[in-house]
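Overview (structure and organization)
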Amino acid sequence: MHVAKTLTEKILAEHIVEGALDKGHEVGIRIDHCLTQDSTGTMAWLEFESLGLDKVQAELVVSYSDHTSLGFKGESTDDHLFLQSIASHYGAKFSKNGNGVCHQVHYERFGIPARTLLGSDSHTPTAGGLGMLGIGAGGADVAVAMGGGLFYLTVPKVMRVVLTGNLPWGVTAKDLALEILRRISVKGGVGHFIEFAGPGVKTLSVPERATITNMCTETGATSSIFPSDAVTKKFLEMQGRGSDWRPLTADAGASYDQTLEIDLSSLVPLVAMPGSPDNVRPVAEIAGTKIDQVFIGSCTNGSYKDIKVVAEILKGKHVAKEIDVVVSPGSRQVWEMLLKDGSFLALTQAGVRMIEPGCNACIGIGFVPGTNSLSLRTVNRNWKGRGGNELGKLALTSPEVAAASALKGAIADPRELSPVTVRVTKLIVDDAMIVEPEGPSAPIRRAPNIAKMAPPRPLPPVLKGEVLLKVGDGVSTDAILPAGPLTQHLRSNLPEIAKFTFHYEDKTFAARAMERGGGFIVGGDNYGQGSSREHAALAPWQVGIKAVIAKSYARIHKANLVNVGILPLVGDVAGFDKGDQLEIDVSDLTRPLVVRNVTKGTTIPVKAELSARDIRMIRVGGLLAMALAGKK
Ligand code: MIC
Ligand code: SF4
């Protein structure tokens, strides 16, 4: 019998190797493409190396260097050299510094509709703009997939977003993404795939779709995806890759767990004000709010059209004299297009500073906002400290709002300006900064900062220790282990980076944890939302954390905790306080567990919501320990 399938069910069905396509059940899927980047990539590649394989086994593996492309410290440059050489040695392509942000380059140059992509970066779903199923994961999961191993996930529910109408001038794909966040919040996508449907889909270009799938990560969704249609075909043809196209649509009659309807014509320009990507307000309500900086670019809004619109708005004018404006195109393709069509000159003459394609400012590597200043950015995240200064604030918006605001020096509505139309019919293709692998004869360059990992720690039958920290709801991985200038050069050096664990929450945390021989963290709802960085699990592991007890977890972070051998427990956290001594019998993780709060003399039930595979993994001390022991 033919069962009508959604887009994601179709792709999963074609890739399932273990398990069945049942919502809520674990399946093992085959991964076609893998991507790594320079801040999670060093760990992922070290982990791959520890598997002892001769070469990568996935169909395509690309190691990107983008996060610290300007090599702001010697250690970062060492990381880049290591990544380029290890990719060459094991048969992966390498995208050099300056070639662009991994997600944008991947959908431009490599993505294929209806295939799977696993990336060691949470915004890997950006590939969904092309109809590819992109999933973000921790480095260890990506290492296993690079080696041809399966990726395990719980089959998510499916949320359909039905689009009608057309985006009016001044309202963009970014506003649609912000509108989704406004409606469902940073938790609304947890446990879901998001699929786009309806007549509005064909009005959106692939880069616009990619802006939306990029930012749907912020809803907590496992992935998000558009159909692959005539627009996708045209885009791939412009990339010189027309033969990579294949159609992908959901079957009529497919069933969805939830449906959102959005009329594109009714949307308005929006801004996510500081603190969280779902703190969304209409521009009309906050127009006039003074800003100090504008940053336009990133994997969310670094497409040619994104930057060209800004150039057209600013052409012949000048940005407000009291503010600083930086534009960083998302890829070298875009950079070359802007050079060729004169936009580069228009932007420069308007007082904009052009910086090379890469992440850099998005994670506070350069262009860090000053104390108490407000930086308006086209990026996707604005948690405390995200820009590299816990006292500087970030607001998120579209390139159009950013450009209009750059002219005024305050948040402004682009609809007050004359409409600008940008039609993209041709693209420059230049892969000169993608390096092909040489094979096993290529030597691996390893600087001293690239530290070996400590051996795995199998789970003892009883966990004992102190609650070292209690945090509230929605704690992000940026809060657990900050990105930015403090730590970005230490991503390959766990003992050093671990000293910054919970740096913005409690600067004494890491030292206390090490002094006490580890202990417990108590969290709230959606603990570990945000980035895929496994350092947010590895660093607590390094300082001795044995278990986290939280109300609920973000998907990638929970998987990372299990992968490194930290037990993620779920329960009511009201009965725990910082300083409490706890004891937990974890000898049988299939049964309900009880935490003995020795300090308070209470017992509190908790659950280990783990699959049988997770339990096997955590027992032996994590994913690599399990892979090496030859178990699955
Ligand atoms: C991010 O945008 O938060 C990052 C920096 O790209 C991270 C990856 C990392 O921490 O290196 C992500 O999104 O996973
Ligand atoms: Fe890079 Fe920012 Fe995109 Fe993360 S969100 S991949 S830091 S551009």
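Residues numbered from 1 in each chain as written. Chains lettered and ligands numbered in written order. Predicted model: local features only at pLDDT ≥ 70, side-chain atom pairs only at ≥ 80, totals over all residues. Heavy atoms only, no water.

Notes on the overall build of the chain
Tallying secondary structure elements over the chain gives 20 helices and 27 strands in all. Taking 26 Å as the expected radius of gyration for a compact globule of 632 residues, we find that the chain reaches 23 Å, a close match to that expectation. By principal-axis analysis of the C-alpha atoms, the chain measures approximately 70 × 55 × 55 Å. Across the 632 residues that make up the chain, the buried fraction comes to 63%. Carbon and sulfur atoms make up 53% of the accessible area of the chain, which totals about 21,600 Å². Charged side chains of the chain number 67 positive and 65 negative; the gap between the two group centres comes to 0 Å. (Helix = DSSP H or I, 4+ residues; strand = E, 2+ residues; numbered from the N terminus. Rg over C-alpha atoms; globule rule 2.2 N^0.38 Å. Buried < 20%, exposed > 50% of the residue type's maximum accessible area, 1.4 Å probe, protein only. Areas by Shrake-Rupley, 256 points an atom, 1.4 Å probe, with all protein chains shown as cover. Lys, Arg positive; Asp, Glu negative; His and termini not counted. Charge placed at Lys NZ, Arg CZ, Asp CG, Glu CD.)

Considerations on the sheet that holds strand S8 (residues 151-154)
Spatially, the three strands line up as an open sheet ordered S1-S2-S8, and their pairing is antiparallel. Edge positions in the sheet fall to strand S1 (16-18) and S8, since each has one partner strand and no second. Strand-to-strand twist across the sheet, computed as the mean angle between neighbouring axes with direction ignored, equals 45 degrees. (Pairing = 2+ DSSP bridges. Axes fitted to C-alpha atoms, helices over the stretch in contact; angles between N-to-C directions.)

Observations regarding the site of ligand 1
Near ligand 1 there are 14 residues, and of these Ser39, Asp121, Ser122, Ser532 and Arg533 occur at the shortest range. A distance of 2.7 Å separates an oxygen atom of ligand 1 from a polar atom in the side chain of Asp121. Considered on its own, ligand 1 offers 340 Å² of accessible surface; in the complex 97% of this is hidden by protein. (Near = heavy atom within 4 Å. Polar contact = N/O pair within 3.5 Å; in protein donor to acceptor, adjacent residues only side chain to side chain.)

What to know about the packing of helix H10 (residues 304-314) against helix H11 (residues 332-340)
Viewed as axis vectors pointing N to C, H10 and H11 meet at an angle of 35 degrees, and their least axial separation amounts to 9 Å. For the element pair H10 and H11, the recorded crossing hand is right-handed. The segment H10 lies against H11, with Tyr304, Ile307 and Lys308 engaging Val334, Met337 and Leu338. Broken down by class, the residue content of the contact of H10 with H11 amounts to five nonpolar, no polar and one charged. (Left-handed = near helix turned anticlockwise from the far one by under 90°. Contact = heavy atoms within 4.5 Å. Nonpolar A, V, L, I, M, F, W, Y, C, P; charged D, E, K, R; others polar.)

Remarks on the pattern of salt bridges
Under the criterion given, the structure shown has 40 salt bridges. Measuring nitrogen to oxygen at the nearest pair gives 3.3 Å for the salt bridge that ties Glu390 to Lys507. Here Lys507 lies in the loop between helix H15 (494-497) and helix H16 (509-515) and Glu390 lies in the loop between strand S18 (374-377) and strand S19 (393-396), a separation of 117 residues in the sequence. On the basis of relative accessible area, Lys507 is assigned to the exposed category, the value being 51%. As a salt-bridge pair, Glu583 and Arg596 come within 3.4 Å of each other at their nearest N and O atoms. Highlighted residues: Glu583 in strand S25 (residues 581-585) and Arg596 in strand S26 (residues 593-597), separated in sequence by 13 residues. Taken together, the shared-partner salt bridges connect Lys308, Glu312, Lys315 and Asp341 into one network. (Salt bridge = Lys/Arg side-chain N within 4 Å of Asp/Glu carboxyl O.)

What to know about unusual backbone geometry
At Ser185, a position not held by glycine, the phi torsion is positive, near 75 degrees. Along the chain, Ser185 falls in the loop between helix H6 (173-184) and strand S10 (192-197). Looking at Ser185, the relative accessible area reads 24%, which means it is partly exposed. A positive phi angle, near 55 degrees, is found at Phe367, a position not held by glycine. If you trace the backbone, Phe367 turns up in the loop between strand S17 (353-354) and S18.

Quick notes on the side chain of Asn301
In this structure, Asn301 sits in the loop between strand S15 (293-297) and H10. A distance of 3.3 Å separates the side chain of Asn301 from the side chain of Asp306, its partner in a polar contact.

Remarks on the site of ligand 2
The environment of ligand 2 is made up of His67, Val101, His103, Asp121, His123, Ser298, Cys299, Cys359, Cys362, Ile363, Asn380 and Arg386. Each residue belonging to the shell around ligand 2 can be placed in one class, and the counts come to five nonpolar, five polar and two charged.

Brief notes about the packing of aromatic side chains
Summed over all chains, the structure comprises eight aromatic pairs. Between Trp45 and Phe48, the ring centres sit 5.6 Å apart and the planes meet at 70 degrees, which makes this aromatic pair edge-to-face. Residue Trp45 and its partner Phe48 are both found in helix H2 (residues 41-50); the two are separated by three residues, about one turn of the helix. In terms of burial, Trp45 and Phe48 fall into one category: buried. Taking the centre distance of 4.9 Å and the plane angle of 80 degrees together, the rings of Trp335 and Phe344 count as edge-to-face. Assessed through its relative accessible area of 22%, Trp335 is described here as partly exposed. (Phe/Tyr/Trp six-rings, centres within 6.5 Å; stacked < 30°, edge-to-face > 60°.)

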